[in-house]
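# Close look at the chain arrangement
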Amino acid sequence: MLVKTLSVVKIILVVFVCIFFAGCSNKILIVKPIDVSRAGQSANAQFTVDQTGGYRIALLFVWSKNISEREAQGKLWGGGLYREAGVPIPIGLRVLKNGKLFFEEQITTEGVNSGQAFEYEGDHKSTQVRDIKYLTLAPGEYSVEIVTLDEIEALKGTESYVEFSYYDPKI
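In this report, the structure presented in the accompanying data block is examined.

## So, the overall build of the protein
- A tally of regular secondary structure across the protein gives 2 helices and 9 strands.
- Along the protein, helices (α) and strands (β) appear in the sequence α-β-β-β-α-β-β-β-β-β-β when read from the amino end.
- Residue pairs in contact within the protein that sit at least 24 positions apart in sequence constitute 74% of those at least 6 positions apart.
- Carbon and sulfur atoms provide 57% of the accessible area of the protein, an area that totals close to 10,400 Å².

Printed below as a string of structure tokens:
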């Protein structure tokens, strides 16, 4: 009887794990380079949302490998102990759902609120994250575009990316 119960428990665990991973399998994570120091730079992403959820559009600023440059970078990006604003970056954000305008706004981003690492074209990047917008998206086909609106000389040479991602933090 114990062996039969263990077999049933194993089957239930396997089914649970499959369901868990199936629920996580279609999460969006798209990262594209963008030069935040130049006006008119854009990054686009197209993706399908299968179930309603939270999504984040964010700028990622790459830390220099040179330790002595990091303090200056932190001041430009903002954040830190006193949540400094850093250099503001005006962004145009446009979202289409099933080919129709869903959201359009000009947003001025400031500060960073977290860090993350990722790999881009085989290179490991350690970054600070500056949120642009969080959106709740229902099922559909989406096209998202961000465009930099101003020249920002202070950020010239900053390696930066834009991230379009599923975002559902568990607190």
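## With respect to empty space enclosed by the protein
- Within the structure shown, the criterion is met by 1 cavity of 30 Å³ or more.
- In this structure, the largest cavity spans a volume of roughly 60 Å³.
- Contributing to the lining of the largest cavity are Phe47, Tyr55, Arg56, Ile57, Val95, Leu135, Leu137, Val144, Phe164 and Ser165.
- Mapped onto the lining of the largest cavity, the elements with two or more residues apiece are β3 (53-62), β7 (123-137) and β9 (160-166).
- Among the elements that line the lining of the largest cavity, the one with the most residues is β3, at 3 residues.
- A class-by-class count of the residues in the lining of the largest cavity yields 8 nonpolar, 1 polar and 1 charged.

## Focus: the nonpolar core
- Of all hydrophobic cores here, the largest spans 31 residues; its most connected members are Phe47, Ile57, Leu59, Ile146, Val162 and Phe164.
- For this core, the secondary-structure elements that each account for two or more residues are β2 (42-49), β3, β4 (89-97), β5 (100-109), β7, β8 (140-148) and β9.
- In contact with Val162, other than residues within four places in its own chain, are Ile30, Val31, Lys32, Ile34, Ala43, Ile57, Ala58, Leu59, Ile132 and Ile146.

## Focus on the pairing of β3
- By the criterion of burial, β3 is predominantly enclosed, with 9 of the 10 residues buried.
- Across 10 bridges, β3 lies against β7 in antiparallel orientation. Among the inter-strand pairings, Gly54 is bridged to a residue of β7, identified as Thr136.
- Sheet analysis places β3 next to β9, joined by 7 bridges and oriented antiparallel.

## Focus on the sheet that holds strand β1 (residues 29-33)
- The strand order β1-β9-β3-β7-β6 describes an open sheet built from 5 strands, whose pairing is antiparallel. The strands lining the two open edges of the sheet, one partner per strand, are β1 and β6 (114-120). Taking the axes of each pair of neighbouring strands and ignoring which way they run, one obtains an average angle of 35 degrees across the sheet.

## Some words on the pattern of salt bridges
- A full pass over the atoms with the stated rule returns 6 salt bridges.
- In this structure, the salt-bridge partner of Glu104 is Arg94, at a minimum N-O distance of 3.9 Å. With Glu104 in strand β5 and Arg94 in strand β4, the pair connects residues that are 10 residues apart, well separated along the chain.
- Note on Glu104: relative accessible area 51%, which makes it exposed.
- Residue class for Arg94 comes out partly exposed when judged on its relative accessible area of 38%.

Conventions and cut-offs
- Residues numbered from 1 in each chain as written.
- Predicted model: local features only at pLDDT ≥ 70, side-chain atom pairs only at ≥ 80, totals over all residues.
- Heavy atoms only, no water.
- Helix = DSSP H or I, 4+ residues; strand = E, 2+ residues; numbered from the N terminus.
- Contact = heavy atoms within 4.5 Å.
- Areas by Shrake-Rupley, 256 points an atom, 1.4 Å probe, with all protein chains shown as cover.
- 1 Å grid on protein atoms, 1.4 Å probe; cavity = no way out; pocket = protein on both sides within 12 Å on 5 of 7 lines; lining within 4 Å.
- Points joined across faces, edges and corners; volume = space filled by probe spheres on them.
- Nonpolar A, V, L, I, M, F, W, Y, C, P; charged D, E, K, R; others polar.
- Core = buried A, V, L, I, M, F, W, Y, C linked by side-chain atoms within 4.5 Å.
- Buried < 20%, exposed > 50% of the residue type's maximum accessible area, 1.4 Å probe, protein only.
- Pairing = 2+ DSSP bridges.
- Axes fitted to C-alpha atoms, helices over the stretch in contact; angles between N-to-C directions.
- Salt bridge = Lys/Arg side-chain N within 4 Å of Asp/Glu carboxyl O.

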